[in-house]
Amino acid sequence: MKYGLLFLSTLMSFSVVAQPTRVGLLVVATGKYIQFVEPLIVSAQQYFCPGCEVTYFIFTESAVPVHPRVIKIPHQKLGWPYDTLMRSSVYARSYEAWKSMDYVFACDADMLFVDTVGDEILHDLVGTQHPGFVNKRGSYETNPRSKACVKNNEGTYYFAGGFYGGKTKEFFKLVSRVTGAIESDLKKRYIAVWHDESHLNRYFIDHKPTKVLSPSYCYPGPGYLYSLPDCPAKLLAITKDHAAIRK
């Protein structure tokens, strides 16, 4: 009898198929930013988390590419600077849509994956070094009126708002806390110097990322004013006319 049970247990262990890791990519693409979504998704299908089950959550008022793993979440253009400032609240309010993911990453719409971004990013809490402030002090918010304020003795890395994420619960905690801080500032009629990025940096000082990505994951395209960081591009920021796109 014990041999029969052993055989059955072994058979059952072989019959269990490991499920692929589920990764969500969250992209706000209102107004003219919708033009960047399809190229971003095409590049992600080639390079982003190969071997994982990737779902694309697109926040927009426009049509999105028809694909079984592309989910549109209706969202209206708010106007500058609120389209960026309020992204964390948009993500937090849509938690029910992406809570089944194992990991979630927020990505600017105007980006392209140009090399493999794989398992190395799958950590609890992930931030990306801003390419303009490698080995430099970043342009933190310094006004004490703001919840994003960073003191002179604080801050190790300056993080980019273009790509960050982590495990789903940690990501939800991040966007919830950042949303609360931004709303507190708005009640005082104050907007941090770099909008949601300023609040993201304050959060990462108080809750250190378990993985700090190099500027490879938010690499500047041609035309950016700062010098290129000494690392290969993996996720590229597209060169564009910001003023024209924001209109």
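Bear in mind the structure is a predicted one, so any value in this text is a computation, not a measurement.

Colleague: Looking at this structure, how should I read the overall build of the chain?
Modeller: The number of helices and strands found in the chain is eight helices and 10 strands. Here the chain, with 247 residues, has 49% of them falling under the buried criterion. In the chain, of all internal contacts separated by at least 6 residues, the share reaching a separation of at least 24 is 75%.

Colleague: Teacher, can you tell me more about the nonpolar core here?
Modeller: Nonpolar side chains tend toward joint burial in soluble globular proteins. V23, L25, F48, I58, F105, I121 and F163 are the most contacted members of the largest nonpolar core, which totals 36 residues. Of all the secondary structure elements, the ones that give two or more residues to this core are β1 (22–28), α2 (37–47), β2 (53–60), β4 (103–107), β5 (111–113) and β10 (235–237). The greatest single-element share of this core, amounting to four residues, is contributed by α2. Once residues lying within four places of it in the same chain are set aside, the contact partners of L25 are F48, T55, Y56, F57, F105, C107, F113 and F163.

Colleague: I keep staring at the sheet that holds β10 and nothing clicks. Help me out?
Modeller: In a beta sheet, neighbouring strands are held together by backbone hydrogen bonds and run either parallel or antiparallel to one another. In spatial order, the strands read β5-β10-β9; together these three strands make up an open sheet with mixed pairing. Among the strands making up the open sheet, the edge pair consists of β5 and β9 (219–220). In terms of strand pairing, β5 meets β10 through three bridges, oriented antiparallel. The residue bridging L112 from the neighbouring strand is L236, located in β10.

Colleague: I would appreciate a short explanation of the confidence of the model for the chain in the present structure.
Modeller: Interpretation of this model should avoid reading the predicted coordinates in detail wherever pLDDT is low. Scored by pLDDT, the chain comes out at a mean of 90, with 88% of its residues at no less than 70. Predicted confidence is poor over residues 1–15, with pLDDT under 50, and the contacts of this stretch with residues over four places away or in other chains come to zero contacts.

Colleague: What is the right way to read the sheet that holds strand β7 (residues 163–167) from this model?
Modeller: If you trace the seven strands from one edge of the open sheet to the other, you get β3-β2-β1-β4-β7-β6-β8, paired in mixed fashion. Both edges of this open sheet fall to β3 (70–74) and β8 (211–213), since each of them pairs with a single strand only. Shown here is a sheet whose adjacent strand axes are inclined to one another by a mean of 20 degrees, direction ignored. The pairing of strand β6 (residues 125–128) with β7 spans two bridges and is classified as antiparallel. By the bridge assignment for β7, L125 is matched with G166. Contacting β1, β2, β3 and β4, α2 crosses the sheet at an angle of about 170 degrees to β2. Packed on one face of the sheet, helix α6 (residues 168–187) meets β1, β4, β6 and β7 and runs near 125 degrees to β7.

Colleague: Help me understand the packing of α6 against helix α7 (residues 195–206), please; the structure alone is not making it clear to me.
Modeller: Helices that pack against each other are described as a pair by the angle of their axes relative to one another and the distance between those axes. Across the interface, α6 lies against α7 with an axial gap of 10 Å and an inter-helix angle of 120 degrees. One element, α6, and the other, α7, form an angle in the oblique class. For the pair α6 and α7, the crossing hand works out as right-handed. Contact residues: E170, K173, L174, R177, V178, A181, I182 and D185 in α6; D196, H199, L200, Y203 and F204 in α7. When the residues that make up the contact of α6 with α7 are grouped by side-chain class, the tally is seven nonpolar, one polar and five charged.

Colleague: How do you make sense of unusual backbone geometry when you look at a structure like this?
Modeller: For residues that are not glycine, phi is negative in most cases, and the peptide bond is trans in most cases. The step from W80 to P81 runs through a cis peptide bond, and the omega angle for that step is 5 degrees. Counting through the fold element by element, P81 comes out in the loop between β3 and α3 (82–85). Even without being a glycine, H195 presents a positive backbone phi close to 60 degrees. Looking at where H195 falls in the secondary structure, it is placed in helix α7.

Colleague: Would you mind showing me how to read the state of the cysteines here?
Modeller: Disulfides are covalent bonds that link the sulfur atoms of two cysteine residues. Evaluated as defined, the whole model comprises zero disulfides. Just so you know, C52 is unpaired, no disulfide at all, and the nearest cysteine sulfur is the one on C49, 4.6 Å from it.

Colleague: What should I look at first to understand the packing of aromatic side chains in this one?
Modeller: Each aromatic ring pair is characterised by the separation of its centres together with the angle its planes make. Evaluated as defined, the whole model comprises 16 aromatic pairs. Among the aromatic side chains, those forming a connected cluster through ring pairs are F59, Y91, Y95, W98, Y164, F171 and F172.

Colleague: Explain α7 to me, please; I cannot follow it from the model alone.
Modeller: Spanning 12 residues, α7 covers 18 Å between terminal C-alpha atoms, matching the ideal 16 Å at 1.5 Å per step. Taking burial as the measure, the 12 residues of α7 include 11 buried ones, the bulk of the element. Within the sequence span of α7, burial applies to H195, D196, E197, S198, H199, L200, N201, R202, Y203, F204 and I205. Those residues of α7 that are buried lie in contact with α3, α4 (87–93), β6, β7 and α6.

Colleague: Just to check I follow, could you spell out the pattern of salt bridges for this structure?
Modeller: A complete count under the given rule lists 10 salt bridges for this structure. The closest approach of N and O atoms between R87 and D196, which form a salt bridge, is 2.9 Å. Remark: D196 occurs in helix α7 and R87 occurs in helix α4; sequence separation between them is 109 residues. With respect to class, R87 is no different from D196; both count as buried. Taking the shortest distance from any N to any O, the salt bridge between E96 and K99 comes out at 2.9 Å. When salt bridges with common partners are traced through the structure, they connect R87, D108 and D196 into a single cluster.

Cut-offs applied
Residues numbered from 1 in each chain as written. Predicted model: local features only at pLDDT ≥ 70, side-chain atom pairs only at ≥ 80, totals over all residues. Heavy atoms only, no water. Helix = DSSP H or I, 4+ residues; strand = E, 2+ residues; numbered from the N terminus. Buried < 20%, exposed > 50% of the residue type's maximum accessible area, 1.4 Å probe, protein only. Contact = heavy atoms within 4.5 Å. Core = buried A, V, L, I, M, F, W, Y, C linked by side-chain atoms within 4.5 Å. Pairing = 2+ DSSP bridges. pLDDT = per-residue confidence, 0-100. Axes fitted to C-alpha atoms, helices over the stretch in contact; angles between N-to-C directions. Parallel < 35°, antiparallel > 145°, perpendicular 65-115°, else oblique. Left-handed = near helix turned anticlockwise from the far one by under 90°. Nonpolar A, V, L, I, M, F, W, Y, C, P; charged D, E, K, R; others polar. Disulfide = S-S within 2.5 Å. Phe/Tyr/Trp six-rings, centres within 6.5 Å; stacked < 30°, edge-to-face > 60°. Expected span 1.5 Å × (residues − 1). Salt bridge = Lys/Arg side-chain N within 4 Å of Asp/Glu carboxyl O.

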